[in-house]
Amino acid sequence: SFASASPTSNNKIIIWQEVKDNAIWISAASYIFTGRSYEWQTKERFAGHFPFSGEIPQISSLAMNKNGQIACAVITDTHTISIFTSDDNGKNFVQSNIKHQGEPLLAPRLYALSNNDFIIFASEGDDESFLLKYSLSKDGYTWQDFLPFEPTKNMRNPFVPVLTQTNEGDLLVFQASYSS
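If you're wondering where the values come from, they're calculated on a predicted model, not measured in any experiment.

Thresholds, definitions, all that
Residues numbered from 1 in each chain as written. Predicted model: local features only at pLDDT ≥ 70, side-chain atom pairs only at ≥ 80, totals over all residues. Heavy atoms only, no water. Helix = DSSP H or I, 4+ residues; strand = E, 2+ residues; numbered from the N terminus. Rg over C-alpha atoms; globule rule 2.2 N^0.38 Å. Buried < 20%, exposed > 50% of the residue type's maximum accessible area, 1.4 Å probe, protein only. Contact = heavy atoms within 4.5 Å. Areas by Shrake-Rupley, 256 points an atom, 1.4 Å probe, with all protein chains shown as cover. Lys, Arg positive; Asp, Glu negative; His and termini not counted. Charge placed at Lys NZ, Arg CZ, Asp CG, Glu CD. Phe/Tyr/Trp six-rings, centres within 6.5 Å; stacked < 30°, edge-to-face > 60°. Lys NZ or Arg CZ within 6 Å of the ring centre and 35° of its normal. Core = buried A, V, L, I, M, F, W, Y, C linked by side-chain atoms within 4.5 Å.

**Q** Even after reading the chapter, I still don't get the overall build of the protein chain, so can you show me in this structure?
**A** Scanning the protein chain from terminus to terminus reveals zero helices and 14 strands. Helices (α) and strands (β) of the protein chain occur, in sequence order from the N terminus, as β-β-β-β-β-β-β-β-β-β-β-β-β-β. Compactness check: the protein chain gives a C-alpha radius of gyration of 16 Å against a globular reference of 16 Å for 180 residues, within 12% of the reference. If one aligns the C-alpha atoms of the protein chain with their principal axes, the spans along those axes are about 60 × 45 × 25 Å. Considering the protein chain as a whole, with its 180 residues, one finds that 43% of them fall into the buried category. A separation threshold of at least 6 residues defines the contact pool for the protein chain, and within that pool the share at least 24 residues apart is 41%. Of the roughly 9800 Å² that the protein chain leaves accessible, carbon and sulfur atoms contribute 48%. One finds the centroid of the 13 positive side-chain charges in the protein chain at a distance of 7 Å from the centroid of its 19 negative side-chain charges.

**Q** Is there a simple way to explain the environment of Trp25 in this structure?
**A** Examined against the element boundaries, Trp25 turns out to sit in strand E3 (residues 23–33). When its relative accessible area of 16% is taken as the criterion, Trp25 is described as buried. Residues Trp25 and Phe46, spaced 21 residues apart in sequence, show a C-alpha to C-alpha distance of 7.4 Å. The residues touching Trp25, leaving out its near neighbours within four places in the chain, are Trp16, Gln17, Glu18, Lys20, Arg45, Ala47, Gly48 and His49.

**Q** Before we go on, may I ask you to explain the packing of aromatic side chains in this structure?
**A** We describe a pair of aromatic rings using the distance from one ring centre to the other and the angle between the two ring planes. In total, this model carries nine aromatic pairs according to the counting rule given. A ring pair is formed by Tyr31 and Trp40, whose centres lie 4.9 Å apart and whose planes are at 40°; its orientation type is tilted. Judged by relative accessible area, which is 30%, Tyr31 ranks as partly exposed. With relative accessibility at 48%, the residue Trp40 sits in the partly exposed group. Ring plane angle 80° and centroid distance 5.8 Å describe the contact between Tyr134 and Phe149, whose orientation is recorded as edge-to-face. Residue Tyr134 is found in strand E11 (residues 129–137), and its partner Phe149 is found in the loop between strand E12 (147–148) and strand E13 (155–166); the two are separated by 15 residues along the sequence. Across the pair, Phe149 and Tyr134 agree in class, each one buried. Members of the aromatic cluster, connected to one another through ring pairs, are Tyr31, Phe33, Tyr38 and Trp40. Looking at Arg45, its charged tip hangs above the ring of Trp25, at a distance of 4.0 Å from the centre.

**Q** Please clarify how the nonpolar core should be interpreted in this entry.
**A** For soluble globular proteins, the rule of thumb is that nonpolar side chains tend to be buried together. Counting 32 residues, the largest nonpolar core has Ile26, Phe46, Ile81 and Ile120 as its most contacted members. Put simply, the parts of the chain that give this core at least two residues each are strand E2 (12–20), E3, strand E4 (38–51), strand E5 (60–64), strand E6 (70–77), strand E7 (80–86), strand E9 (105–112) and strand E10 (118–126). The greatest single-element share of this core, amounting to six residues, is contributed by E6. For Phe46, the residues in contact, after removing those within four places along its chain, are Ile15, Ile26, Ser27, Ala28, Cys72, Phe84 and Phe93.

Taken by themselves, the reported measurements are silent on function.
The following block contains the structure:
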């Protein structure tokens, strides 16, 4: 469930969440050029298991930069988002953790920036409203602490950021309520 894809000009990657007995695992399939043709390579359950209760949550997000580096963000507990990074088309993943103090983080959204860095957004619950936080990484392995996303400081409930690359740089849109 909750499949996610991230194509670049040459390679493609798809991740999905597998659910069994109130636990989630993350699996991936890469469509890569092997020298003579394109082939699918699968990496089953490279991350997990992550327990949950209630309805099945979406806990993962995926990005691939123009160099083909893959990063997969997963909420591993209420105060940790783990990033699983691969430099070999999804054959192997290395885990790094971003710890967070404060209210629980929700809805990770991971993107590759036009300069090949990575950015992750997550929402933090705050007295019946959300704050948008972000973290940056130049290499996919080392991440800064989560910081408030300053353009949203006068907005209420900034949520669901979507980033796209343009010829001029990166464009981010999100939904929010304005409050003065």
